Amino acid sequence: MRRVVVTGLGMVCPLGNDVQTAWENVLAGKSGIGPITRFDTSASGCKIAGELKDFNLDDFLPAKELRRYDRSVHYGMAAGVQAVRDAGFDFEKEDLTRFGCAVGSAIGGFETICANQQVAHERGVRRVSPFLVPGSIINMVSGQLSIMFGFKGPNIAHVTACSTGLHAIGEAMWMIRRGDADVMVAGGADNAITPVGIAGFDNMHALSRRNDDPEHASRPFDKDRDGFVMGEGGGVVVLEEYEHAVARGAKIYAEVVGYGLTSDAYHVTMPNQDGPQRCMQNALARAGIEPSEINYLNAHGTSTPAGDVNETKAIKAMFGEHAYKMVVNSTKSMTGHLLGGAGGIESIFTILAVKNQVSPPTINMVEPDPECDLDYCTEGARQMEIRYAMKNSFGFGGTNACLIFKRFDE
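Residues numbered from 1 in each chain as written. Predicted model: local features only at pLDDT ≥ 70, side-chain atom pairs only at ≥ 80, totals over all residues. Heavy atoms only, no water.

Observations regarding unusual backbone geometry
Put simply, the rule is: Counting from the N terminus, the helices are DSSP H or I runs at least four residues long and the strands are E runs at least two residues long. Burial classification: accessible surface area is computed with a 1.4 Å probe over protein chains only, and a residue below 20% of its type maximum counts as buried, one above 50% as exposed, and the rest as partly exposed.
In this structure, Ala265 takes a positive phi of about 50 degrees despite not being glycine. Secondary-structure assignment places Ala265 in the loop between strand 8 (254–263) and helix 9 (274–287). Of note in the backbone geometry, Leu339 takes a positive phi value of approximately 55 degrees without being a glycine. With respect to the helices and strands, the residue Leu339 is situated in the loop between helix 11 (332–335) and helix 12 (342–356). Note on Leu339: relative accessible area 2%, which makes it buried.

Take a look at the structure:
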């Protein structure tokens, strides 16, 4: 079986527009949540989100036409360009038919679609932008990255709600394992901080309304959590076949050794324990390791009343007594929930946790929910031994994904 390693990382998120800044802020327990500044929220129940700060597309690529594309494309491109540059390829020495892209989104060009619908209504259909379709479709990040770098291998985009980023990375891993590619650029990006996006989630009572205290609004596993906080951005990794990476002298962050995916087959939005538990079990089986070998778990941990309890129960059912011996944290306490972008950025945090042997904290857990009784690393970042780390993502429609990363030993 071909081994798969991580050789490049790229990220834009509420904690920073590059990996190093975001990693430093997440270790420091800094919140990226604040009042929404992009539009008038006077009529909204939820008025807070994790917006990107000082994001400038020109910092990442000089593609003038991309300014007409949706922010979700901007975020995915920025993260993807960072990741490819971080991997340090000499493309003159590479067979680019063996390079591919798998960057997806849960919602995609929501802002662009809504804006053009308003234009059509107010000014007529002939004023709709010719960039509407290419600027908003979900596979455009993969398409544009392939065009920009000349990648001629697999070009695909996954759409599985909040599991998107993890499914993209997991499926990209399998493409390399079975020989479809030697290198895959994979992850997710999303932008749903729009009037309609916030209204849709808020009206289904999914969002926190802790508007007077935004930095403490995202509080996974806390007794007083009242919903998730919307975030935005993108996270992309470069996956590479091990021998290919070694041959070119690439730096290796971690190895991807397990991937599981399941369906709850239960409810559109409400979770159940069975699906996540089987998903983790499948990932462990693929990795060929015992549950007791997992040291750290980056949880889905959205800060919803039902979701956090359900995930905790699934973890305890899967790991038994070992659940109390490993660290389980939620970096969404600082970034908010990036929907399709969550799996990508949280995989990067997990990879860096393995690389640096440190768990980020879970912030804002003032009074633990009695049903959430694991070690959530609430006292700050913790140096610890991490040989194997697990990452969970669960999405609407009952779709689940789980990845396992292993510390890379030279």
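Right, picking up where we left off after that structure.
A short note on the packing of helix 9 against helix 10 (residues 305–319)
Definition in use: Helix axes are fitted to C-alpha atoms over the stretch in contact, other axes to C-alpha atoms as well, and angles between N-to-C directions run from 0 to 180 degrees. Roughly parallel refers to an angle under 35 degrees, roughly antiparallel to one over 145, roughly perpendicular to one between 65 and 115, and oblique to any angle outside these ranges. In this scheme the handedness of a crossing depends on how the near helix is turned from the far one: anticlockwise by less than a right angle means left-handed, clockwise means right-handed. Residue contacts are defined here by distance: any two heavy atoms, one from each residue, within 4.5 Å place the two residues in contact. The residue classification treats Ala, Val, Leu, Ile, Met, Phe, Trp, Tyr, Cys and Pro as nonpolar and Asp, Glu, Lys and Arg as charged. All others, Gly included, are polar.
Two numbers describe how helix 9 lies on helix 10: the axes approach to 8 Å, and their chain directions differ by 45 degrees. Between helix 9 and helix 10, the angle is such that the two are oblique. Seen from above, helix 9 lies across helix 10 with right-handed handedness. In contact with Pro276, Gln277, Met280, Gln281 and Leu284 of helix 9, helix 10 contributes Asn310, Ala314, Ile315, Ala317, Met318 and Phe319. Residue classes in the contact of helix 9 with helix 10 are distributed as eight nonpolar, three polar and no charged.

Describing helix 7 (residues 195–203)
Going by this rule: Starting at the helix axis, one direction is taken to each C-beta atom, and the arc is that of these directions.
Among the residues making up helix 7, those that are buried are Gly197, Ile198, Phe201 and Asp202. Projected down its long axis, helix 7 carries its buried residues within an arc of 120 degrees, all on one side. On the buried face of helix 7, the contacting elements are helix 3 (110–123). Looking one or two residues past helix 7, His205 carries a phi angle of roughly 60 degrees, positive in sign.

Let's talk about the sheet that holds strand 9 (residues 294–298)
Put simply, the rule reads: One bridge is not enough; two strands pair if DSSP finds at least two bridges between them.
What the ten strands build is an open sheet, ordered 5-4-6-7-1-8-14-13-9-10; its pairing is mixed. Looking at strand neighbours, the two that pair on one side only are strand 5 (155–156) and strand 10 (327–329), the edges of this open sheet. Where helix 12 meets the sheet, it contacts strand 1 (4–12), strand 7 (233–241), strand 8, strand 9, strand 13 (388–395) and strand 14 (399–407), and its direction lies at approximately 120 degrees from that of strand 1.

Description of the packing of helix 2 (residues 71–87) against helix 5 (residues 140–149)
At a minimum axis distance of 9 Å, the contact between helix 2 and helix 5 shows a crossing angle of 40 degrees. When the axes of helix 2 and helix 5 are compared, the pair comes out oblique. Between helix 2 and helix 5 lies a crossing whose hand is right-handed. In this structure, helix 2 contributes Ser72, Val73, Gly76, Met77, Gly80, Val81, Val84 and Arg85 to the contact, and helix 5 contributes Met140, Val141, Gln144, Leu145, Met148 and Phe149. Grouping the constituent residues of the contact of helix 2 with helix 5 by class yields nine nonpolar, four polar and one charged.

Brief notes about empty space enclosed by the protein
The following threshold applies: The distinction between a cavity and a pocket rests on a 1 Å grid over the protein atoms alone: a 1.4 Å probe fits inside a cavity but cannot get out, while a pocket stays open yet meets protein on both sides within 12 Å along at least five of seven lines, and a residue with an atom within 4 Å of a point counts as lining. Grid points are joined across faces, edges and corners, and a volume is the space filled by probe spheres set on the points.
Under the criterion given, the structure shown has one cavity of 30 Å³ or more. Taken as a whole, the largest cavity encloses approximately 50 Å³ of empty space. Around the largest cavity sit Ser72, Val73, Gly104, Ser105, Gly108, Ser136, Ile137, Ile138, Val141 and Ala189, which together line it. Its residues assigned to classes, the lining of the largest cavity shows five nonpolar, five polar and no charged.

Description of the pairing of strand 13
Burial runs high along strand 13: eight of the eight residues are buried. Every second residue of strand 13 is oriented toward a common face, with Tyr388, Met390, Asn392 and Phe394 on one face and Ala389, Lys391, Ser393 and Gly395 on the other, all of them buried. Judged from the eight bridges that link them, strand 13 and strand 14 form a sheet pairing that is antiparallel. Each residue of the ladder has a partner; that of Tyr388, found in strand 14, is Lys406. Counting the residues in the hairpin turn of strand 13 and strand 14 gives three residues, including Gly397, whose phi is positive at 90 degrees.

Remarks on the layout of surface pockets
The space that makes up the largest pocket amounts to roughly 530 Å³. Contributing to the lining of the largest pocket are 33 residues, with Thr269, Pro271, Thr304, Gly307 and Phe396 lying nearest its centre. For the lining of the largest pocket, the elements supplying multiple residues, two or more each, are helix 10, strand 13 and strand 14. Among the elements that make up the lining of the largest pocket, the one with the highest residue count is helix 10 (six residues). Class assignment for the residues of the lining of the largest pocket results in 14 nonpolar, 15 polar and four charged.

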